[in-house]
Amino acid sequence: MGSSQSKVPEAAIHEKLVERLQAIQLHNEMEIVEDYIYIKGEAPPKYTSVVPYQQDISIAAAEEWEKELMEDPKNRLALAALSSNPTSSIITSRSTAIKDTQTFNIKIPLEGSPVTNQRSSGRCWLFASTNVFRVAIMKKYRLKEFQLSQSYLFYWDKIEKANYFLENVLDTVEEPLDGRLLQALLASPVGDGGQWDMVANLVQKYGLVPQTLYPDSYNAMNSSSMDRLITTKLREDALRLRSLASSSTSTDPTILKSSLAATKEKMLREIHLILTLMLGPPPSPSKAFTWEFYDRDGTFCSVRTRPTAFAKELSDARTVRALGGTNVHTLFSLVNDPRNAYNRLLSVSRLGNVWEGRPVTYVNVDMSTMKKACIAMLQRGLPVFFGCDVGKYSDSAMGIMDTDLFDYELGFNVKLGMKKAERLMTGESAMTHAMVLTAVHVVDGKPVRWRVENSWSKDAGTEGYFVMSDAWMDEFVYQAVVDPAVVSAAVRKVLEQKPKILDLWDPMGALA
C-alpha cells in the first residue's frame, strides 16, 4: 500500500470531532447495559453484534445450535441417513468411483501371483518387499506362481528387534525412565511394522526361503497375543537391565560388562523360546535346503541352496538382466516430507532392527521427482515398494484411494483443508501401510492414476488390487523405493550426505 493511503484526511478528522460532541450531549439520555447501548424507553436488541467469549459449553447455546440445525431440511435428511448407515456409504462420490478404473497404459509385464494375505498382522512391509523380490525369482525360474516366506523374515525380525531394544536400553541408562525417549522405546519394542532398510538388514544376514519351506503359523497370521507377551517380557527385562547397569555393587567395569552380557543373553534366549514355540523353528540361514517345484511349463525342478545364497541370486548377472539392469539389493528410499528441505538425507534416531546394521535413511524429494522415478521403474518392468497413510479417503471393498472419494462437505457442511506438512506436524497422518505399485496411467505426460498391489487377499479391491488417484498420491504417499539409476545424479549425491537425524517419535519414524 502507498504512504498516502495510510493518512487520515482533515475533513474526516473534523467529522469525528462533531460526532464526539453529539455523543457527549446524548450521554444523559442513554444507559449502557453490558456491551450495547440503548436510549431510554426502547427495548435492547435480542442479539449483540459482538459475541462474548465463553470458556465452557453453554447449554442454552447448544440448544439454539440444534434448533437452527434441524430447521434446515438438508440436515434432517443427513441425520436420517448418517445415523442409520456407515458414513462412507452415504458420502461416497459415485462419479469418483466410476472414473477410478483398473485400466493403465504403463504396466509391468509380470506382477507376481498369487495375491498375498497378511491376515491379522502388521507385516505389510514384509509382504510388499517380498512381492518385489519374488518378481526377480519368478523370472529366473520361469514360475507361474510363487511366494517367498514372509514368516521367515518375521521370525528373525522379532528376535533382532528384541536385541535392538535391549541394546538401546543399555545405551540410555542415564536417561530418565519417564522421559520421552525411554517411553518411545518402551511403547513398541517388537512391533510388527518395519521399513525397507530393515528388510535389507534381514535379507543380508538371514537370506530368503520359499514360503513352502516355512509357511505361516497361526501366530504369524494372528500376531497380537504373541506381541503382547514379548512386549511385557521385554519391558520387565528393561527394568532389570537398567537396575543392573546402574548398580554400584561392582567397581570393576569388566565384571559389570560380563554380567550385563550374560543377563542379556538369558533374556534373548527366553524371547527365542517364545518365538520358536509360537512361530515354529525356522530354516537355518547357513544350512542348505531343497526346494522342489514345477515351472510354468509343468517341468519338475529341484534347487538345493542356502537361504543366504538364495538371496544373493537376486544380484547375479542373469537376474539383473531379467530385471532390465536393476539389482534389487541396491534399491533405496525416496520420501516426500514437506516439513524438511528437499534433496536432503534424513534418518531417524534409534530406529532399526539389526544392531549396528544398515540405518534407516531417506532421500527427501518433491513429489514430481518421486513420481518420475516410480514411472521409470514401471517402464523397466519392476514393481515399486511404497509407504502411505492407507486409511485416508480410501475404501478397501472398492479398492479405491482418492481424495474426492468422500464428500465431507456435502454430508456435514465441514471443510477439511490441512496440507501434507500440517498433517505430519499435528499427528493427523503418517506412514501406516506398505504396498506395491505395478502400473500407472499417464495422460499428456502426467500420471492420472496408479495400480496398487495390496496384501489383504483377493477379497479386497479388484481381486486384491487397488486404484490410487494421482491427487491421493500427492497427499498421502510418503515413500517409494527405487533404483539409483532412475533418479538424477544430484539425487544420488544426496546419499553421500551426513543425514539430518529426526527424533524417534517423528512421523517419519512410523513403521509401515
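Since we're looking at a predicted model, the values are computed, not measured.

Analysis parameters
Residues numbered from 1 in each chain as written. Predicted model: local features only at pLDDT ≥ 70, side-chain atom pairs only at ≥ 80, totals over all residues. Heavy atoms only, no water. Helix = DSSP H or I, 4+ residues; strand = E, 2+ residues; numbered from the N terminus. Buried < 20%, exposed > 50% of the residue type's maximum accessible area, 1.4 Å probe, protein only. Contact = heavy atoms within 4.5 Å. Expected span 1.5 Å × (residues − 1). Arc of directions from axis to C-beta. Polar contact = N/O pair within 3.5 Å; in protein donor to acceptor, adjacent residues only side chain to side chain. Axes fitted to C-alpha atoms, helices over the stretch in contact; angles between N-to-C directions. Parallel < 35°, antiparallel > 145°, perpendicular 65-115°, else oblique. Left-handed = near helix turned anticlockwise from the far one by under 90°. Nonpolar A, V, L, I, M, F, W, Y, C, P; charged D, E, K, R; others polar.

It is worth spelling out the overall build of the protein at this point. Helices and strands together make up the secondary structure of the protein, namely 19 helices and 16 strands. Taken across its 512 residues, the protein has 48% of its residues classed as buried. Restricting to contacts in the protein with at least 6 residues of sequence separation, those with at least 24 account for 76%.

So, on to helix α11 (residues 224-246). Note: α-helices contain 3.6 residues per turn, so residues at a spacing of three or four share the same orientation. Between its terminal C-alpha atoms α11 stretches 33 Å, which fits the 33 Å expected from 23 residues at 1.5 Å a residue. Turning to α11, the residues buried within the fold contact α7 (150-171), α8 (180-187), α10 (218-221) and α12 (253-279).

Turning next to helix α3 (residues 73-82). Ala78, Ala81 and Leu82 are the residues of α3 that are buried. Considered in projection along α3, the buried side chains sweep an arc of 85 degrees and stay on one side of the axis. In α3, the exposed residues that point more than 90 degrees away from the buried face are Pro73 and Ala80. Taken together, the buried residues of α3 touch α4 (87-91) and α16 (408-412). The residue sitting at the N-terminus of α3 and contributing the capping side-chain oxygen is Asp72; that oxygen lies 2.9 Å from the backbone nitrogen of Lys74.

Contact geometry of helix α6 (residues 124-141) with α7 gives a least axis separation of 10 Å together with a crossing angle of 130 degrees. One way to sum up the angle between α6 and α7 is to call them oblique. For α6 against α7, the interelement crossing comes out right-handed. Note on element contacts: α7 touches α6 through Gln150, Leu153, Phe154, Asp157 and Lys161, opposite Trp125, Leu126, Phe127 and Thr130. Its residues assigned to classes, the contact of α6 with α7 shows 5 nonpolar, 2 polar and 2 charged.

Examined against the element boundaries, Pro210 turns out to sit in the loop between α9 (196-206) and α10. Sequence separation between Pro210 and Phe310 is 100 residues; the distance between their C-alpha atoms is 9.4 Å. If we ignore the near neighbours within four places in the chain, the residues touching Pro210 are Phe146, Gln147, Leu148, Ser149, Phe289, Trp291 and Phe310.

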